[in-house]
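Working through the structure, step by step
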Amino acid sequence: MKVLVLGNGGREHALAWKLAQGERVSQVFVAPGNGGTARDPLLKNIPITDVKALADFAEAEKIALAVVGPEAYLAAGVVDEFRARGLRIFGPTKAAAQLESSKAFAKDFMKRHGIPTAAYEVFSDPAAAHAYVDGQGAPIVIKADGLAAGKGVVVATSLEQAHEAIDWILAPDANGGKLGVVHNEGGARVVIEQFLSGEEASFIVLCDGKNVVSLATSQDHKRLLDGDEGPNTGGMGAYSPAPVVTPNVHAKAMHEIIMPTIQGMARDGIPFTGFLYAGLMIDELGQPRTVEFNTRMGDPETQPIMMRLKSDLLEVLLQATDGTLDQVELQWDRRVALGVVMAAHGYPLAPRKGDAITGLPADAEDAMVFHAGTAEVDGQLQTSGGRVLCVTALGESVRKAQQLAYDSLVNIQFEGKQFRRDIGHRAVKR
Ligand code: AMP
Ligand code: GLY
């Protein structure tokens, strides 16, 4: 069977790598893919990104299953397009993807269905938004309503920062330009919410509209610098499992967040199919609250999760698209997997492209280099995006996985490379 993975990040490299191990898989295409998927003899890059052209390709190649990586394709309606043409695809429809693409939609949904999350208000009028934060005080969290590639959230520790963030998002002349926000229909809106304290974890499940199977737990490191300092990024590293998700927290997340979400979406007439990723904030008492929903796998969480998955991913996703996830039980490697992201010079604000990459180690069963922002130019591997590589390793403990991941990246060179030296520090402490 032929499979098509949409996207070009480390997440897509890991998904394609795992799918290619499937018993019945004859070919995995990655559209558009990256320098790593180009080098893997089991994968083939296809230079298509347009939704209709992707569906044409899937039809012509008789693709048995398409899997969507990034949220932008979902918000563009790729699942709707494929389904309308009778093509099998795993992901949410455009309507269901609003759980991620519109923070206002997600917050209203959670309120309506009693799903634990931070208290909030939505504003389109700047004066009302400014007055509201003055009444609430800091710390307070300011979010743009539309998709902003992880940059549309400001955790304001002072009122001054909060006011500035509101102006970035709502000022008519700025039009969200400063944050690169894609506004939803109806124009710029800002979500202002209560600051939650605790520890974050990524809680990702597979959904077929009705049934749910949880993936191994994971945690990522969003800040650029060691000690969780510096600006927010898409994620500088991740590991699985996440010790903060105890069996008790897991049960609460399933019963109080995931199941009410799936049932609520079905009741609202927009059944959710695809990966559902609840970003949890877990307080000192072990109570999880939803910080955000993503309607896709996490990046870089996917890289360690795929290294631990023992089940045949194609078979699992075929069952997910058949609506028979109630018959699926996933098998996991008991070891810990940990991935360290190597980012380009200038990431996250202004990543530089075109730096030559050398010294990649050979892939091994317990250590893999998943590519993200890489491209092959005249046979030479170069940086082509912010997050360049995710060096991921398995080990008997967090420390061992950490050790192997860092040992595996010592020879990797590119000008201006940035990476954290403390990925996994919270899990080590526990
Ligand atoms: P989001 O894009 O909504 O996931 O927000 C990005 C990051 O901002 C999250 O991973 C958290 O670290 C932080 N954050 C978002 N909302 C809150 C909140 N209500 N309280 C504390 N931190 C938050
Ligand atoms: N690593 C966070 C995300 O994928 O959204």
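Everything here concerns the structure above.
Here is a short report on the structure shown in this document. (Residues numbered from 1 in each chain as written. Chains lettered and ligands numbered in written order. Predicted model: local features only at pLDDT ≥ 70, side-chain atom pairs only at ≥ 80, totals over all residues. Heavy atoms only, no water.)

The next thing to look at is the site of ligand 1. Around ligand 1 lies a shell of 15 residues, among which K143, E193, L196, E200 and E292 are the nearest. With respect to ligand 1, the side chain of E193 contributes an N or O atom lying 2.7 Å from a nitrogen atom. Burial of ligand 1 by the surrounding chains reaches 92%, relative to a free accessible area of 480 Å². Each residue belonging to the shell around ligand 1 can be placed in one class, and the counts come to eight nonpolar, one polar and six charged. (Near = heavy atom within 4 Å. Polar contact = N/O pair within 3.5 Å; in protein donor to acceptor, adjacent residues only side chain to side chain. Areas by Shrake-Rupley, 256 points an atom, 1.4 Å probe, with all protein chains shown as cover. Nonpolar A, V, L, I, M, F, W, Y, C, P; charged D, E, K, R; others polar.)

The subject of this paragraph is the sheet that holds strand β3 (residues 43-45). The strand order across the open sheet formed by five strands is β3-β2-β1-β4-β5, and the pairing between neighbours is parallel. Pairing within the sheet leaves two strands with one partner each, and these edge strands are β3 and β5 (89-90). Sheet topology note: the strand β2 (residues 27-32)/β3 ladder contains three bridges and is parallel. In the sheet register, V30 faces β3, and the bridge partner there is N45. Where helix α3 (residues 51-61) meets the sheet, it contacts β1 (2-7) and β2, and its direction lies at approximately 170° from that of β1. Set on the sheet, helix α12 (residues 313-322) makes contact with β1, β4 (65-68) and β5; between it and β4 the angle comes to about 90°. (Pairing = 2+ DSSP bridges. Helix = DSSP H or I, 4+ residues; strand = E, 2+ residues; numbered from the N terminus. Contact = heavy atoms within 4.5 Å. Axes fitted to C-alpha atoms, helices over the stretch in contact; angles between N-to-C directions.)

Close to ligand 2 lie D220, G234, Y277, N294, R296, G298, D299, P300 and E301. D220 is positioned with one of its side-chain polar atoms (N or O) 2.6 Å from a nitrogen atom of ligand 2. A distance of 3.4 Å separates an oxygen atom of ligand 2 from a polar atom in the side chain of N294. Protein chains bury 91% of the 190 Å² of accessible surface belonging to ligand 2 in isolation. In terms of residue class, the shell around ligand 2 is built from two nonpolar, three polar and four charged.

What follows is about empty space enclosed by the protein. If you walk through the whole model with that rule in mind, you get one cavity of 30 Å³ or more. Empty space within the largest cavity amounts to approximately 90 Å³. Every residue along the wall of the largest cavity is listed here: L99, E100, S102, K103, A106, K107, M110, K143, E193, V291, E292 and F293. For the lining of the largest cavity, the secondary structure elements donating two or more residues are α6 (98-101), α7 (103-112) and β17 (288-294). In terms of residue count, the dominant contributor to the lining of the largest cavity is α7 (four residues). (1 Å grid on protein atoms, 1.4 Å probe; cavity = no way out; pocket = protein on both sides within 12 Å on 5 of 7 lines; lining within 4 Å. Points joined across faces, edges and corners; volume = space filled by probe spheres on them.)

Turning to the sheet that holds strand β11 (residues 212-214), a few remarks are in order. As summarised here, the arrangement of the four strands in space is β11-β10-β16-β17, forming an open sheet in which the pairing is antiparallel. Of all strands in the sheet, those with a lone pairing partner are β11 and β17, marking the two edges. Each neighbouring strand pair of the sheet contributes to a mean axis angle of 35°, computed without reference to strand direction. Judged from the three bridges that link them, strand β10 (residues 199-208) and β11 form a sheet pairing that is antiparallel. Counted as the bridge partner of L206 is V213 from β11.

As far as function goes, none of this settles anything; it's purely spatial.
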